[in-house]
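Commentary on secondary and tertiary structure
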Amino acid sequence: MTTVTFLTEGKRIIGFDAKGHSGYSEEGSDVVCAAVTSAVRLVESTVNDVLGLAASVKVHERSGAVEFRLPGGLSATNESTCQALLTGLMLLFSELHSEYPDNIEVMEA
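Check the secondary structure of the protein and you find 2 helices and 5 strands. Reading the secondary structure of the protein in the N-to-C direction produces β-β-α-β-β-α-β. Projected onto the principal axes, the alpha-carbon positions of the protein cover approximately 40 × 25 × 20 Å. Here the protein holds 109 residues, and 39% of them are scored as buried. Long-range pairs, those at least 24 residues apart, make up 55% of the contacts in the protein with a sequence separation of at least 6. For the protein, the distance from the average position of its 7 positive side-chain charges to the average position of its 15 negative side-chain charges is 9 Å.

On to the packing of helix α1 (residues 31–50) against helix α2 (residues 76–99), then. Packed helix pairs are characterised by how far apart their axes lie and by the angle those axes make with each other. The contact between α1 and α2 brings their axes to 11 Å, and the two run at 180°. Classified by the interaxial angle, the pair formed by α1 and α2 is roughly antiparallel. Every residue of α2 that contacts α1 at A35, V36, A39, V40, V43, T46 and V47 is listed here: C82, L85, L86, L89, L92, F93 and L96.

Attention shifts here to the sheet that holds strand β5 (residues 104–108). Read across the open sheet, the 5 strands follow the order β3-β4-β2-β1-β5; overall the sheet is mixed. Edge positions in the sheet fall to β3 (56–59) and β5, since each of these pairs with one other strand and no more. Strand-to-strand twist in this sheet, taken as the mean axis angle between neighbours without regard to direction, amounts to 10°. Sheet topology places strand β2 (residues 12–19) next to strand β4 (residues 66–69); 4 bridges connect them, and they run antiparallel. Residue A18 lies in a different strand from β4, and its bridge partner there is V66. Where α2 meets the sheet, it contacts β1 (2–9), β2, β4 and β5, and its direction lies at approximately 140° from that of β5.

What follows concerns the pattern of salt bridges. Applying the stated criterion across every chain, the model contains 2 salt bridges. The salt bridge involving R69 is made with D17; its shortest N-O contact spans 2.8 Å. Note that R69 is positioned in strand β4 and D17 in strand β2, a separation of 52 residues in sequence. R69 sits in the partly exposed class, given a relative accessible area of 26%.

On to α1. When the terminal C-alpha atoms of α1 are compared, their 26 Å separation across 20 residues agrees well with the 28 Å that a helix rising 1.5 Å per residue should span. Turning to α1, its buried residues are V32, C33, V36, A39, V40, V43, T46, V47 and N48. Sitting at the amino-terminal end of α1 is D30, which places a side-chain oxygen 2.9 Å from the backbone nitrogen of V32.

Time to look at the nonpolar core. Counting residues in each nonpolar core, the largest one holds 26 residues, and the members touching the most others are F6 and F93. Those elements that place two or more of their residues in this core are β1, β2, α1, β4, α2 and β5. Residues in contact with F93, not counting those within four places in the same chain, are V4, F6, V36, A39, V40, I104 and V106.

Cut-offs and rules
- Residues numbered from 1 in each chain as written.
- Predicted model: local features only at pLDDT ≥ 70, side-chain atom pairs only at ≥ 80, totals over all residues.
- Heavy atoms only, no water.
- Helix = DSSP H or I, 4+ residues; strand = E, 2+ residues; numbered from the N terminus.
- Buried < 20%, exposed > 50% of the residue type's maximum accessible area, 1.4 Å probe, protein only.
- Contact = heavy atoms within 4.5 Å.
- Lys, Arg positive; Asp, Glu negative; His and termini not counted.
- Charge placed at Lys NZ, Arg CZ, Asp CG, Glu CD.
- Axes fitted to C-alpha atoms, helices over the stretch in contact; angles between N-to-C directions.
- Parallel < 35°, antiparallel > 145°, perpendicular 65-115°, else oblique.
- Pairing = 2+ DSSP bridges.
- Salt bridge = Lys/Arg side-chain N within 4 Å of Asp/Glu carboxyl O.
- Expected span 1.5 Å × (residues − 1).
- Polar contact = N/O pair within 3.5 Å; in protein donor to acceptor, adjacent residues only side chain to side chain.
- Core = buried A, V, L, I, M, F, W, Y, C linked by side-chain atoms within 4.5 Å.

This is the structure we're talking about:
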């Protein structure tokens, strides 16, 4: 099962951890894992490459786990944009959980 844990400070999402193979299908043809990977890449590239921020992203090659953390000290505009992106990501993963409850779990910590 893929587990995505969103990390919060108060109402602010500061990042997330995604780990585990969903088990929906074999690796390389798993639509749940593909959806998670694609969404994570979209958020990371938007935050780091489009907005030019320095979010910390660690990918653990052996396990495929991803750790994403927003930087501190964001301007009000960048903070609002990042919160919208991360809230949208949480919503997407929650909808995936509704469709594939045995393959993806979404939590807050």
